[in-house]
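Commentary on secondary and tertiary structure
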Amino acid sequence: MNVAFQNVAQERPETMALSERTAARRSNELVLEIGTEEVPASMMPAALVALKDNCGHAMQEALLQHSPLETFCSPRRLILHAPVVAERQPDTVEQITGPSRRVAFDENGNPTRALYGFLQKNEIGLEQVQITATPRGEYVTFRKKIQGRPALDVLSELLPGLILSVPFPKSMYWRTPQERFIRPIHYVVALLGDQVIPFEVAGIQSGRSTVGHLILAPEVFSVKSFAELKEKLADHFVIIDSDERRRLILEGFRTALPSTFRVLHDVSLLDEVVHLVEYPQVVMGDFERRFLDLPEEILITVLKKHQKYFAVIDDLGNIQPHFVTVLNTASASTKIREGHQRVLRARLEDAAFYREFDQRKKLEERIELLDHVLFQKNLGSYGDKIRRLEELAQHLAAATSIKDAADLRTAARLCKSDLTTEMVKEFTELQGIVGGLYARDEGFPETVWRAIYQHYLPVSPEDLIPDSPVAQLLSVADRVDMLCGSFGVGIVPTGSSDPFSLRRQCQGMVRIATEGGHSFSLREIFTKALELLKDRVVREHEEVIGDLFEFLDARVRHLFAEKGLQYDVINAAVEAGYDDLCDLYRRAEAVQRIRQEPDFEAIATSFKRINNILSGDSGDGQIDAALLQEPAEQELYSAVNSMEPDIQTNISQRNYYDALKIMARMRPRLDQFFDQVLVMAEDPKIRDNRLRLLKRISLLFQQVGDLSQIVVE
């Protein structure tokens, strides 16, 4: 009976990086260029990172050694380059496992048919096998040397899948659903040294031919190396280094403008424009001064959104009647400049018209229109939403004792009215901003119009939170309604899916509460929001609230870590429980501050010891001073009695650091107690009394944080 089988265990090289000596000996370079139709600028940076990472991982798995990878791009191509790639995979050794010793040899030690079958199958002799001890027993094995394959063969198999593995938010397919990419692929350059890596992807055969600038030099030409590719593309008006394009654009800003003017700094627009052009040319244009009457926010948005133009300001920061655009060409004629000016004039005329038309109807008059604007199919209209926001705002005003409660309610009632304006319909990114500007024009108090203007902030982690208490609480109310409504109808973020940006909404709420210093009960505001949603919520309220706190936990830990709090400090504050984000942050700050004190580590160690001793309901009840027999426990009890009033006063005033400082003074008494007192005494009354003393100390600390979470080195 032949029972031979294989169990492969490859011996991999210790490192995947090429040494300098190896790099000098093996000079093959990898060049991959994916030529496509124009890729959306916003998607290019992430695509390049994915291409580089995926290729690196695949080559590592294939045991193909290489030097660091680098990527380049233009709007119509993604390029991957490895200056050095090994000529072939390293040789590896596989341990081939055959039948067990008991099956391979008979009782006299002679080979059996099973062993001969194994030898014949693997084309080896008896002298090449050995007996190897394994967790399952002794087996016949032999070590087989596997010769590494040429890199050309390995890459021809890897690259088609790597190209199609680049992820995009949206992809398309034009041949089969399995061959998806952001845009149709027109050609692929794939070289290893001066050889073409042969493969086919999306119906395109790899080769060495690339193409220049779509308009200025659309010729097709061949290349033999990365240096030649970069040089010839530059000769054909394609600069593949995005950093170089950025440098040329910034230099163009300086030369295109008079010395008294400069471009309004806009990182996101610059990042986008860098990936919109292959050969940047900066041109300044003008528009009529009358358009400066438009609010600055609207004017800049018109320049940026449709035209990708940069605003121009003077040394004082005032917007000037000029703009700067980046062309994808070698030079700009007067006609090109005039064409851009005509297009911009039409856009600005539209914006001026929208503003004039919108102001024929007051924001208050627009409220009834919100009943016909859908917020979310399960959560009703924006009219329903603002009625909920008014109530939530009133609840938050009472909880925080804000002095401008009436202004907060007014802002809540009006904050979504601009969704019915023509300006926001055209420029959706101006929602809130337009409402605030229109409210200012209508004469509402600054607290009201600024709250409307800022209530979507923060939109990104880089944004500041709203700058007034009214705006901050309006933003919190808006986010709470969105979170409770979404979780209430079962819309919960999973993995990378978060269609309503609930993670961002949650992070914004945490930031506003902590940075704005607003104390309010999360459970109470969640409960209020769910009550206002009424029968729209299809889940049990307690279940929703539980999920919301679990969702909050990850956001809180992430944001606190970004603020410089150590992970174990965050654990200590969070594990002690929280219902108030502002209070939670203050407690975490206090723990981080006190941990620098000389007695803190000893206190944290004692606290862990207390927690280990206490279990279940142990320690409940009143301490009987008459049962305290040992001097050490009497002194600890006396210290707790004398310190507790000051500790509780500081805690009630949220002076958590001062409270911890007082607690830290217990250290000598705690050390003495644990050295001289047996907590688990034989007498149950004495034992329970000592546990009550420790429980009282534990509860004092737990009001600030669970110090057992602190890592003591």
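Note: the structure precedes this text.
**Let's talk about the packing of aromatic side chains**
- Scanning the entire structure with this criterion turns up 16 aromatic pairs.
- Ring geometry for phenylalanine 237 versus tyrosine 279: centroids 5.1 Å apart, planes at 80°, classification edge-to-face. Residue phenylalanine 237 is found in the loop between helix H6 (226–235) and helix H7 (242–256), and its partner tyrosine 279 is found in the loop between helix H8 (267–274) and strand S16 (280–286); the two are separated by 42 residues along the sequence.
- Residue classification places tyrosine 279 among the partly exposed residues on the basis of a relative accessible area of 25%.
- The ring of tyrosine 139 carries arginine 136 above its face, with NZ or CZ at 4.9 Å from the centroid.
- The ring of tryptophan 449 has arginine 440 sitting right over it, with the charged end atom 5.3 Å from the ring centre.

**So, the sheet that holds strand S4 (residues 92–100)**
- With respect to topology, 3 strands assemble into an open sheet ordered S4-S6-S5, the strand pairing being antiparallel. Sheet topology places S4 and strand S5 (130–134) at the edges, where each strand pairs with a single neighbour. Ignoring which end each strand starts from, the neighbouring axes of this sheet average 50° apart.
- Two elements, S4 and strand S6 (residues 137–146), share 7 bridges in a ladder whose sense is antiparallel. Across the sheet, residue valine 93 finds its bridge partner in S6, namely lysine 145.

**Some words on the packing of helix H17 (residues 469–488) against helix H18 (residues 502–516)**
- Where H17 contacts H18, the two axes come as close as 9 Å, and the packing angle between them is 145°. Crossing hand, H17 versus H18: left-handed. For the pair H17 and H18, the contacting residues are Gln472, Ser475, Val476, Arg479, Val480, Met482, Leu483, Ser486 and Phe487 in the first and Leu502, Arg504, Gln505, Cys506, Gly508, Met509, Ile512 and Gly516 in the second.
- For the contact of H17 with H18, the class distribution of residues is 9 nonpolar, 6 polar and 2 charged.

**Quick notes on the nonpolar core**
- Formed by 139 residues in total, the largest nonpolar core has its most connected members in Phe526 and Leu552.
- Per-element tally for this core: the top contributor is H17, with 11 residues.
- In contact with phenylalanine 526, not counting residues within four places along its chain, are Val480, Cys484, Met509, Ile545, Leu548, Phe549 and Leu552.
- Of all hydrophobic cores here, the second largest spans 40 residues; its members include Ala47, Leu159, Ile163 and Phe199.

**Quick notes on the pattern of salt bridges**
- Scanning all chains against the criterion turns up 47 salt bridges.
- A salt bridge links lysine 232 to glutamate 228, with the shortest nitrogen-to-oxygen separation between them at 2.9 Å. With lysine 232 and glutamate 228 both in helix H6, this residue pair falls 4 residues apart, about one helical turn.
- Among the residues examined, glutamate 228 registers a relative accessible area of 23% and is labelled partly exposed.
- Here arginine 696 makes a salt bridge to glutamate 644, at a shortest N to O gap of 2.5 Å. Placement of the pair is arginine 696 in helix H27 (residues 684–702) and glutamate 644 in helix H24 (residues 631–652), with a sequence separation of 52 residues.
- You can call arginine 696 partly exposed: its relative accessible area is 21%.
- The class of glutamate 644 is buried, set by a relative accessible area of 19%.
- Linked through salt bridges whose partners overlap, the residues forming this network are Lys385, Arg388, Lys416, Asp478 and Asp481.

Parameters and conventions
Residues numbered from 1 in each chain as written. Predicted model: local features only at pLDDT ≥ 70, side-chain atom pairs only at ≥ 80, totals over all residues. Heavy atoms only, no water. Phe/Tyr/Trp six-rings, centres within 6.5 Å; stacked < 30°, edge-to-face > 60°. Helix = DSSP H or I, 4+ residues; strand = E, 2+ residues; numbered from the N terminus. Buried < 20%, exposed > 50% of the residue type's maximum accessible area, 1.4 Å probe, protein only. Lys NZ or Arg CZ within 6 Å of the ring centre and 35° of its normal. Pairing = 2+ DSSP bridges. Axes fitted to C-alpha atoms, helices over the stretch in contact; angles between N-to-C directions. Left-handed = near helix turned anticlockwise from the far one by under 90°. Contact = heavy atoms within 4.5 Å. Nonpolar A, V, L, I, M, F, W, Y, C, P; charged D, E, K, R; others polar. Core = buried A, V, L, I, M, F, W, Y, C linked by side-chain atoms within 4.5 Å. Salt bridge = Lys/Arg side-chain N within 4 Å of Asp/Glu carboxyl O.

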